[in-house]
Protein chains: 2
Amino acid sequence: MLDEAKFDDKGLVLAIAQDAESGEVLMAAWMNREALGRTLDTGIMTYWSRSRGTLWVKGETSGHTQRVVEARIDCDGDVLLFKVRQEGGACHTGYRTCFYRKHTPAGLVEDGKRVFDPAAVYRR
Amino acid sequence: MLDEAKFDDKGLVLAIAQDAESGEVLMAAWMNREALGRTLDTGIMTYWSRSRGTLWVKGETSGHTQRVVEARIDCDGDVLLFKVRQEGGACHTGYRTCFYRKHTPAGLVEDGKRVFDPAAVYRR
């Protein structure tokens with residue numbers, strides 16, 4: 001998959017993480033070649049943090065790691081889909097998924113499941 | 001959602017389409033503000049084609065439209081998740097999903113479900 005992935009002009013490919021059991025889409029973030037290589041080698045989701053400019057082992061701080069169950073690539077190779085076993089929650093806000101807000105005619109509504117307290121998990 | 005979406009420096013936001021019934025992730029593509037507005041107004045998935053530089057009503061040529069069942073936005077607003085009712089197949093290759101290739105130690109393996117013949121659907 002490392003050779004088939006089409007990295008963009010910034011050297012990145014998009015990675016979607018989906019809960020292997022429930023099918024819930026948890027998050028989407030970026031990987032560079034090194035992050036993808038490590039993810040495939042270790043079986044632990046490792047992204048590229050665009051804001052920090054570093055490799056980012058998901059769950060490093062929080063313990064909320066994502067173990068790879070299955071890795072897929074799309075037809076044109078620029079989006080990857082990982083089915084994962086998610087510890088705790090994927091979202092830094094404490095929700096299980098980053099997609100905890102739903103569009104309604106009256107505006108966005110939060111309807112996600114809160115699984116942890118970010119203040120407790122990310123405290124130093 | 002139109003006001004909460006964070007469009008990038010190219011004016012785009014990523015949209016993931018997920019089968020509302022099976023939970024299968026079908027594809028991921030880009031939307032600009034106009035494409036997102038039309039998608040929300042019409043309930044038919046409308047993307048921005050980066051290669052053609054035009055709005056792209058999914059299924060316009062093939063009939064394989066995607067009807068919006070639910071629209072969600074992620075925590076930082078740059079990825080959207082649409083649960084859709086997919087007619088036919090999402091992928092121009094004839095597969096139900098664009099993620100029809102799975103990573104294995106021996107390389108990528110095609111294991112998707114082929115639901116139409118692209119030569120028949122896209123013929124002029």
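Residues numbered from 1 in each chain as written. Chains lettered and ligands numbered in written order. Predicted model: local features only at pLDDT ≥ 70, side-chain atom pairs only at ≥ 80, totals over all residues.

A. Structural view of the overall build of chain A. A tally of regular secondary structure across chain A gives two helices and eight strands. Mapped from its N terminus to its C terminus, chain A presents α and β elements in the order β-β-α-β-β-β-β-β-β-α. If one aligns the C-alpha atoms of chain A with their principal axes, the spans along those axes are about 40 × 40 × 30 Å. Of all 124 residues assigned to chain A, the portion counted as buried reaches 37%. Within chain A, residue pairs in contact and separated by at least 24 positions form 43% of the contacts whose partners lie at least 6 positions apart. (Helix = DSSP H or I, 4+ residues; strand = E, 2+ residues; numbered from the N terminus. Buried ≥ 20, exposed ≤ 12 C-beta atoms within 10 Å, placed from the backbone. Contact = placed C-beta atoms within 7 Å.)

B. Just the interface of chain A and chain B, in detail. Of the residues lining the interface, 26 residues belong to chain A; the matching set on chain B comes to 26 residues. The set of elements that each furnish at least two residues to the side of chain A that touches chain B consists of strand 1 (13-19), strand 2 (25-31), strand 5 (66-73), strand 6 (79-86) and strand 7 (101-104) of chain A. Top contributing element to the side of chain A that touches chain B by residue count: strand 5 of chain A, with four residues. A class-by-class count of the residues in the side of chain A that touches chain B yields 16 nonpolar, four polar and six charged. (Nonpolar A, V, L, I, M, F, W, Y, C, P; charged D, E, K, R; others polar.)

C. Focus on the pairing of strand 3 (residues 46-49) of chain B. All names here are of chain B. Note that strand 3 and strand 4 (residues 54-57) share four bridges and pair antiparallel. Following the sheet pairing, Tyr47 is matched in strand 4 by Trp56. Taking the residues between adjacent antiparallel strands as the criterion, strand 3 and strand 4 are bridged by four residues, where Gly53 takes a positive phi near 65 degrees. (Pairing = 2+ DSSP bridges.)

D. Broad picture of the environment of A:Thr39. Residue and element names in this part refer to chain A. Within the secondary structure layout, Thr39 lies in helix 1 (residues 33-42). As for Thr39 and Arg67, which are separated by 28 residues in sequence, their C-alpha atoms are 9.1 Å apart. Excluding its chain neighbours within four sequence positions, the residues that come into contact with Thr39 are Met31, Ile44, Met45, Thr46 and Val68.

E. Region of interest: the relation of the copies chain A and chain B. After a rotation of 180 degrees and a shift along the axis of 0.0 Å, chain A superposes on chain B with an RMSD of 0.0 Å. Considering both components of the superposition, the chain copies are consistent with a two-fold axis. For chain A, the residue whose C-alpha comes nearest the rotation axis is A:Gly23, separated from it by 2.8 Å. Comparing interface residues between copies, 100% of those in chain A also lie at the interface in chain B; the contact surface is shared. (Least-squares fit on C-alpha atoms with pLDDT ≥ 70 in both.)

F. The sheet that holds strand 7 (residues 101-104) of chain B, seen in detail. Taken in spatial order, the six strands make up an open sheet running 2(A)-1(A)-6(A)-5(A)-7(B)-8(B), and their pairing is mixed. Across the chains shown, the open sheet's two edge strands, defined by having one partner strand only, are strand 2 of chain A together with strand 8 (107-110) of chain B. Adjacent strand axes in the sheet meet at a mean angle of 35 degrees, parallel and antiparallel pairs treated alike. Taken together, the four bridges between strand 7 of chain B and strand 8 of chain B define a ladder with antiparallel strand orientation. By the bridge assignment, B:Lys102 is partnered in strand 8 of chain B with B:Val109. Sitting on the sheet, helix 1 of chain A touches strand 1, strand 2 and strand 5 of chain A together with strand 7 of chain B, and the angle it makes with strand 2 of chain A is about 130 degrees. (Axes fitted to C-alpha atoms, helices over the stretch in contact; angles between N-to-C directions.)

G. Quick peek at the environment of A:Met1. Inspection of the secondary structure puts A:Met1 in the segment before strand 1. What makes A:Met1 buried here is the crowd of 20 C-beta atoms within 10 Å. Put simply, A:Met1 and A:Ala71 are 70 residues apart on the chain and 8.6 Å apart in space, counted from C-alpha to C-alpha. Ignoring any residue separated from it by four or fewer positions in sequence, one finds A:Met1 in contact with A:Leu40, A:Ala71, A:Ile73, B:His103 and B:Leu108.

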